[in-house]
Amino acid sequence: MARGLIGNMVSEALVGLDLVFTNDVSSQYSSALSSGFSFLCIDLFHPKSIVEDLSVTSGGPDPRSDLAYEKNGKSITKSLVGKVSTTIDVDADIISIRQSGAQLLMKELSWAAHLGLPAVIIRVNRPTSPNLARLLINFIRGEYTPIKIWLVFPMVINFNSSNEMENKESTPDELFCSPWHWWLNLSTMTADISDALGIVLEIPNDLPNESVISRWFSEPVVCLLIDTQLFLTNSKGYPVLPKSHQYIINRFFKVLMSSHTFLLMDIIKRFCYL
């Protein structure tokens, strides 16, 4: 039986599967459970319909039927995490894109709340996101159904001359390219709803230096995002993570689970479903 994503404090990590896209939620849910995963991350709306409706000021694209989130007549939404469309940009420089993005974002968040999903994932791609902060505050304050907002941040942005940049004294331009500072900026603007926010930290293939890694330990990281391409095959033919990544993940487990700040610590593995 699948465990709910948000529940009582547990002493183990739940492993979820992040799907790029799926037409059949129920069958993918069953497949994920049979493979040992505890929850599934799915798109809330069809990506193609979002792209086609970015310039539309009407109701926007239509979501799946409620029946798509049932298995044998029972709801599976407590084991699902919704993903907001990555094409939505509510802080775009172009007013029309910003306005249509805000409309679509609120529609997707409202749909996730209607389904009763425990959490929704939003990827943050900008150093400053004032409009996103405003929309999230309005949504959380006006929503009666408890729901968590998981914000995806890369641990670090890798540049061609990353080693040189890490060794140089920080400048405003460099801080502008630091995801940790993106989070600090957004968390300051959303301080009133901090209990509803969590960080999904994307672990890179090439780990940064210790100073970059350690500053994330004091932040509300609820989930680690790991690309399946990072896994290696050991001598027995089983997939394993590099030892350096195993060490970092174990450190996150110890810090976050011992603090009792968050209910669950999850790892999402990503693969492309065709």
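Computed from a prediction, not measured in an experiment: that's the story for all the values here.

## Some words on the overall build of the chain
Looking only at helices and strands, one finds 9 helices and 12 strands in the chain. By the burial criterion, 47% of the 274 residues in the chain qualify as buried. Of the accessible surface of the chain, which amounts to about 14,200 Å², a share of 53% is contributed by carbon and sulfur atoms.

## Points about the packing of helix α3 (residues 95-115) against helix α4 (residues 130-142)
Look at α3 against α4: their axes get within 11 Å of each other, and the N-to-C directions meet at 35 degrees. For the pair α3 and α4, the crossing hand works out as right-handed. Touching R98, A102, L105, M106, L109, S110 and A113 of α3 are N131, L132, L135, L136 and F139, all from α4. Of the residues that constitute the contact of α3 with α4, the class distribution is 9 nonpolar, 2 polar and 1 charged.

## Things to note about the packing of aromatic side chains
A ring pair, where both rings are aromatic, is described by two values, the distance of the centres and the angle of the planes. Inspection of every chain in the model, using the stated rule, returns 3 aromatic pairs. Aromatic side chains F153 and W183 sit 6.0 Å apart centroid to centroid with 75 degrees between the ring planes, which places their arrangement in the edge-to-face category. Of this pair, F153 sits in strand β7 (residues 148-154) while W183 sits in helix α7 (residues 179-189), and the two are 30 residues apart along the sequence. The same class applies to F153 and to W183, which are both buried. On the numbers, 6.4 Å between centres and 40 degrees between planes, the contact of F153 with W216 is tilted. Placement of F153 in strand β7 and of W216 in the loop between α8 (210-214) and β9 (221-227) is noted, with a sequence separation of 63 residues between them. W216 shares its class with F153; the two are buried. Taken together through their ring pairs, the aromatic side chains of F153, W183 and W216 make up a single cluster.

## What about the side chain of T77?
Residue position: T77 is located in the loop between β4 (74-75) and β5 (80-83). A relative accessible area of 6% places T77 in the buried class. Here the side chain of T77 touches L115 through a polar contact of 3.3 Å, landing on its backbone oxygen. Excluding residues within four positions of it along the chain, T77 makes contact with Y69, L115, G116, L117 and P118.

## Re the environment of L230
With respect to the element layout, L230 can be found in the loop between β9 and β10 (232-233). Those residues in contact with L230 that sit more than four places away from it in its chain are N205, L241, P242 and H245.

Cut-offs used in this document
Residues numbered from 1 in each chain as written. Predicted model: local features only at pLDDT ≥ 70, side-chain atom pairs only at ≥ 80, totals over all residues. Heavy atoms only, no water. Helix = DSSP H or I, 4+ residues; strand = E, 2+ residues; numbered from the N terminus. Buried < 20%, exposed > 50% of the residue type's maximum accessible area, 1.4 Å probe, protein only. Areas by Shrake-Rupley, 256 points an atom, 1.4 Å probe, with all protein chains shown as cover. Axes fitted to C-alpha atoms, helices over the stretch in contact; angles between N-to-C directions. Left-handed = near helix turned anticlockwise from the far one by under 90°. Contact = heavy atoms within 4.5 Å. Nonpolar A, V, L, I, M, F, W, Y, C, P; charged D, E, K, R; others polar. Phe/Tyr/Trp six-rings, centres within 6.5 Å; stacked < 30°, edge-to-face > 60°. Polar contact = N/O pair within 3.5 Å; in protein donor to acceptor, adjacent residues only side chain to side chain.

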